[in-house]
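# A look at the structure
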Amino acid sequence: MASNGNGHDNGQARGHGLTDFVDRYQQYMVDKEKTHSFIQDILMYANDTETNLRTEISTLQQALNDTRLDLADAKKSRRDFQLRLRDNEMRMGLAPVRHPYAVLLIDGDGLIFKEHLVRKGAAGGKKAAEELHAAVIDKYSYTEEGPIDVIVQIVANVSGLSKAMRRDRCMDDEANLYDFIAGFNQVKAPFHFADIGDKSEAVDAKLLCSAHFHLRNVSCKFLLMGVSHDASYAPYLDHFIHDDSIKQRIIVIEGCPTAQEIVDTGITVTSFKDIFRGDKLKVQPLQSETPPLSETTQTTSSVPSVAPSVAPSVSYAAITQTRASPPPQITLPIPLKKAPTPARTFKPVTTVWNPGPRGLDPPIQINQAVLDKLKTRTGNEKLCNNHFLRGPCTKGDDCLFDHKYKPTKEEKNVIAFFARLSPCTKGQQCDIDNCIYGHHCPSVTNGICTHPHCKFRVDEHPPGTKFKHQRHSDWS
């Protein structure tokens, strides 16, 4: 056996080194077990942490969904309150003016356009509209909230006016006036020249009703009335002389000299001398006319009357109201028996109420039996007006009313009638053609509002309406 210089053989040296490796290996296995346990602990901790976070995220997601629903409900409630606030501010005159305007209400039988404009027909009508718009803007421009809009409403007995203007010799053909009106109406959307027919009281009623409507609108900054010729408007104007907030908005447009009764009210008077005539029409006989016959012709000889060589000056009102001359009466030697004249009955003329620019809602034909049937549906059985009249209800399953019912045509009419009982928040300013809500009270019968809980304002009823039931203070 070989040995080294120290007296130890090589086998013993290698044996001593192997034991050391075994010890080191065992130590490595212990350390490896610790590492495995450490990694296992980390993984278990991560798993528990992830589980806890997922649970917390789910809770937070549910809370977020609930918050979103609450926010949507709060927004809807805020919009409802804003609409109610704006409506109340409008009624109290506190709402900001978004679209200021001036309105001209003209009695076209008395305030007449200049001859050179009418003779040009349609071209003259367009020019008159443009010049009138420019003149109003120049005099009454309102700049605090923006440029002012101009609305013009002219009403007249066009047939009578055309005859009178032809007799005045200010135009040769009555068709000129009709062409003039067509041109006037074509220039601007809010310019209207309307033929009211031969009922003079209808002109007054229409102008006064429109005036009352616009004076209640805080956006109306100026109300110009072309009524200087007619003293009958003085009592209406006199009603406002003690209310400066309204009086300063009313202006009378002068054509012919203003009636003294209107001057006495103290209302401001202005004129547009380049557009309207400053005198009344003077009716002169046409060349084709012959003097009228006398009312009676006697069989005995008499001195014939001589017609005056110059026709007297007659007003336009006289020519439109003068009756035709009666036929000559003949005196017979034997008096004839006069047959009794049957009594004639006259129906009183009723003026159609105009609630405002939108006008009256179209009538709805309803079946009383169907109405009584649908009235019996209460609570959640009530039919949803929005769903059946305007399409699927936006509230979906959250709506408190019935969506599954299939109404007939007659039942839909009743549903529309029920919707009309709720006032539209925009009232007569509403520009939605198919609006389902009411723009005036639909429950007035023979001058009496019969609804037990009517929500329409008093001025949303025809003038003089009486109420069968006591009104709530919120809707006075």
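Heads up: these notes are all about the structure in this document. (Residues numbered from 1 in each chain as written. Predicted model: local features only at pLDDT ≥ 70, side-chain atom pairs only at ≥ 80, totals over all residues. Heavy atoms only, no water.)

Let us look at the nonpolar core. One recurring pattern in soluble globular proteins is that nonpolar side chains are buried together. Grouped together as the largest cluster of nonpolar side chains are 39 residues, with contacts concentrated most on F113, F184 and F272. With six residues, helix α3 (residues 122–140) is the largest single contributor of residues to this core. Once residues within four sequence positions are removed from consideration, F272 is found in contact with L132, A135, V136, K139, Y140, L224 and I253. Counting 23 residues, the second-largest nonpolar core is a separate cluster that includes V103, V227, Y233 and A234. (Core = buried A, V, L, I, M, F, W, Y, C linked by side-chain atoms within 4.5 Å. Buried < 20%, exposed > 50% of the residue type's maximum accessible area, 1.4 Å probe, protein only. Helix = DSSP H or I, 4+ residues; strand = E, 2+ residues; numbered from the N terminus. Contact = heavy atoms within 4.5 Å.)

Overall, the coordinates contain one cavity of 30 Å³ or more when judged by the stated rule. A volume near 60 Å³ is recorded for the largest cavity. Listing elements by their share of the lining of the largest cavity, those giving two or more residues are α4 (158–167) and α5 (175–187). Per-class residue counts for the lining of the largest cavity are nine nonpolar, one polar and no charged. (1 Å grid on protein atoms, 1.4 Å probe; cavity = no way out; pocket = protein on both sides within 12 Å on 5 of 7 lines; lining within 4 Å. Points joined across faces, edges and corners; volume = space filled by probe spheres on them. Nonpolar A, V, L, I, M, F, W, Y, C, P; charged D, E, K, R; others polar.)

All right, on to the sheet that holds strand β7 (residues 444–445) then. Strand order in the open sheet made by the three strands is β7-β8-β9, with mixed pairing throughout. Looking at the sheet topology across the chains shown, the edges are occupied by β7 and β9 (466–467). Pairing between β7 and strand β8 (residues 448–449): two bridges, direction antiparallel. Among the inter-strand pairings, T445 is bridged to a residue of β8, identified as I448. (Pairing = 2+ DSSP bridges.)

Let us now look at the packing of helix α11 (residues 368–375) against helix α13 (residues 409–420). Between α11 and α13, the least distance of the axes is 9 Å, while the angle of their chain directions is 65°. The angle between the axes of α11 and α13 places the two elements in the roughly perpendicular class. By crossing handedness, the relation of α11 to α13 is classed as right-handed. Side by side, α11 and α13 meet where V370, L371, K373, L374 and K375 of the first sit next to E410, E411, V414, I415, F417 and F418 of the second. Here the residues of the contact of α11 with α13 are counted per class, giving seven nonpolar, no polar and four charged. (Axes fitted to C-alpha atoms, helices over the stretch in contact; angles between N-to-C directions. Parallel < 35°, antiparallel > 145°, perpendicular 65-115°, else oblique. Left-handed = near helix turned anticlockwise from the far one by under 90°.)

Tracing the chain through its elements places R420 in helix α13. In this structure, R420 is buried with no salt-bridge partner, the nearest side chain bearing the opposite charge being D361 at 4.1 Å. (Lys, Arg positive; Asp, Glu negative; His and termini not counted. Salt bridge = Lys/Arg side-chain N within 4 Å of Asp/Glu carboxyl O.)

Before going further, it helps to examine α3. Along its 19 residues, α3 runs 27 Å from first to last C-alpha, staying within 8% of the 27 Å computed at 1.5 Å per residue. The complete set of buried residues in α3 reads G124, G125, A128, A129, L132, A135, V136 and Y140. One face of α3 carries all of its buried residues, which in axial projection span an arc of 140°. Counted as exposed and oriented over 90 degrees from the buried face of α3: A123 and D138. (Expected span 1.5 Å × (residues − 1). Arc of directions from axis to C-beta.)

Evaluated as defined, the whole model comprises 12 salt bridges. Close ionic contact of K373 with E411 constitutes a salt bridge, the shortest N to O distance being 3.1 Å. Here K373 is found in helix α11, whereas its partner E411 is found in helix α13, with 38 residues between them in sequence. The buried category is assigned to E411, whose relative accessible area is 4%. Connected through shared salt-bridge partners, R216, R457, D459 and E460 make up one network.

A few words now on a nonpolar patch on the surface. On the surface, F38, I39, I42 and L43 cluster together into a nonpolar patch covering about 410 Å² of accessible area. A relative accessible area of 44% places I39 in the partly exposed class. (Patch = residues over 30% accessible without salt bridge, like charges linked within 9 Å, V, L, I, M, F, W, Y side chains within 5 Å. Areas by Shrake-Rupley, 256 points an atom, 1.4 Å probe, with all protein chains shown as cover.)

The pairing of strands in a sheet happens through backbone hydrogen bonds and is either parallel or antiparallel. With parallel pairing, six strands are arranged side by side in an open sheet as β3-β2-β1-β4-β5-β6. A single partner strand is all that each edge strand has here, and the edge strands are β3 (191–195) and β6 (268–271). The mean angle between the axes of side-by-side strands here comes to 20°, regardless of whether they run parallel or antiparallel. Of the strand pairs in this sheet, strand β1 (residues 101–107) and strand β2 (residues 149–156) are connected by seven bridges, and their pairing is parallel. Note that in β2 the partner of L104 across the bridge is V152. Helix-sheet contacts for α5 involve β2 and β3, and the interaxial angle to β3 is about 150°.

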